[in-house]
Amino acid sequence: MGILVVNAGSSSLKLRVLDDNDAVAGSADLPPPGDAADVGDLGAAIASLGPIRAVGHRIVHGGTLFSRPVVIDAAVEEQIRSLTDLAPLHQPKSLAALDAVSAALPGVPAVACFDTAFHATIPPAASTYALPPSWRQRWSLRRYGFHGLSHAYASQRAASLLGATGGFRVVTCHLGAGASLAAVLDGKSVDTTMGFTPLEGLVMATRSGSVDPGLLLWLEEHAGLKPHELAETLESHSGLAGLAGTGDMREVLERARSGDDSARLARDVYLHRLRGSVAAMAAAMNGLDALVFTGGVGENSAEIRARAVDGLGFLGVACDPGRNSAGSGDREIGTEAATVRTLVISAREDIQIARQVRATLKGGSRTSNQAAPALLPEGEVEAVL
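Here's what I pulled together on the structure shown here.

Definitions and limits used
Residues numbered from 1 in each chain as written. Predicted model: local features only at pLDDT ≥ 70, side-chain atom pairs only at ≥ 80, totals over all residues. Heavy atoms only, no water. Buried < 20%, exposed > 50% of the residue type's maximum accessible area, 1.4 Å probe, protein only. Helix = DSSP H or I, 4+ residues; strand = E, 2+ residues; numbered from the N terminus. Salt bridge = Lys/Arg side-chain N within 4 Å of Asp/Glu carboxyl O. Phe/Tyr/Trp six-rings, centres within 6.5 Å; stacked < 30°, edge-to-face > 60°.

**Some points on unusual backbone geometry**
So, step 1. Backbone geometry places Ser140, a non-glycine residue, at a positive phi of 50 degrees.
So, step 2. By relative accessible area, Ser140 is classed as partly exposed at 22%.
So, step 3. A positive phi angle, close to 55 degrees, is found at His147, a residue other than glycine.
So, step 4. Locating His147 in the fold gives a position in the loop between α5 (133–139) and α6 (148–162).

In structure tokens form, the structure reads like this:
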């Protein structure tokens, strides 16, 4: 009997069944559930995957309520639902999938695994916005960070591959349609590039990444743009798409090699922000032992990896061209002489979720009353398993 991992995205619902050795025993990709017919298709798909003993749901936002995985009950589901305003594009998809899977598997225990939870260990200096305390406390304004399941897995996998011991400092680069970095010290996140929302930080496929908030205020006041227009543009028409007309990094690089000026600009802006952010993450740990690339772009674009590393030599990073362009799967791509190890690691949020499900059910954690304070003092929250 396996663990069913449910990953609800904006345009798909990914189901993976993992056995006790974390091998994929079954999989299905479906449209996100939207009506009774979709729920029926989901039930048939789940039935085809074999016996299920537990379910793990990827939930994008845990707010300040959840700093670790938790067994889902009615109270937990209501708390997850209350966080929808913090992730209006993602949380409804996760909740719809939760309801549909629960209907298909009544009585099967389900665990919520939060993308924000891994970053609950970020110290106040890194998580606090320089805003009045009345604002921060009233609306829980802080850097939450995202892609935590990916960063957790990639950093743990890197430590295992390298036989790392105490004090291991790694920057994990999750580069996909969405992109973020994490500074992970001794298995705990101590800084990250995404913030209150997934808009902050790196340039992404269609998201802007960080922009001057004064620029947005200027557009609202002087250009008459409404909040929903700003949100739509920043989320869906910016980033690589805004600069080059496409959010597909493969197309951007191909056009840049052919001399397309807008594609070259998009590539260079992307890399400029990426290099600077890697350096900032390293500074949060007073140095760097390993640099990890993961996610669709991080795993598949040797050019982006090479160009990014070319600007990070001052940190002790160096990329071996042969290693970087050859091979697949988890591997090292740095030079033998480099003082910092550089790796490519396949994104496996499904493994991270399955492990969290097993640990949570084994520990009997069935209560939603595992809240983290709005600003967590350093060291008070256990690392996510």
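Having seen the model, we can carry on.
**Let's talk about the pattern of salt bridges**
So, step 1. Scanning the model with the defined rule gives 20 salt bridges in all.
So, step 2. Of the charged contacts in the structure, one is a salt bridge between Asp22 and Arg358, with a shortest N-O distance of 3.0 Å. Taken as a pair, Asp22 in the loop between β2 (13–18) and β3 (24–30) and Arg358 in helix α15 (residues 349–363) lie far apart in primary sequence, 336 residues in all.
So, step 3. Here Glu200 makes a salt bridge to Arg143, at a shortest N to O gap of 2.5 Å. Of this pair, Glu200 sits in the loop between β9 (188–192) and α7 (213–222) while Arg143 sits in the loop between α5 and α6, placing them 57 residues apart in sequence.
So, step 4. Within this structure, Asp22, Arg355 and Arg358 form a network of salt bridges that share partners.

**Quick notes on the packing of aromatic side chains**
So, step 1. Using the criterion set out here, one finds three aromatic pairs in the structure.
So, step 2. Taking the centre distance of 6.2 Å and the plane angle of 70 degrees together, the rings of Trp135 and Trp139 count as edge-to-face. Here Trp135 and its partner Trp139 are both found in helix α5, four residues apart, which amounts to about one turn of the helix.
So, step 3. Classification of Trp135 as partly exposed rests on a relative accessible area of 44%.
So, step 4. Among the residues examined, Trp139 registers a relative accessible area of 43% and is labelled partly exposed.
So, step 5. Aromatic pair Tyr144 and Phe196: ring centres 5.9 Å apart, planes at 40 degrees, arrangement tilted. Highlighted residues: Tyr144 in the loop between α5 and α6 and Phe196 in the loop between β9 and α7, separated in sequence by 52 residues.

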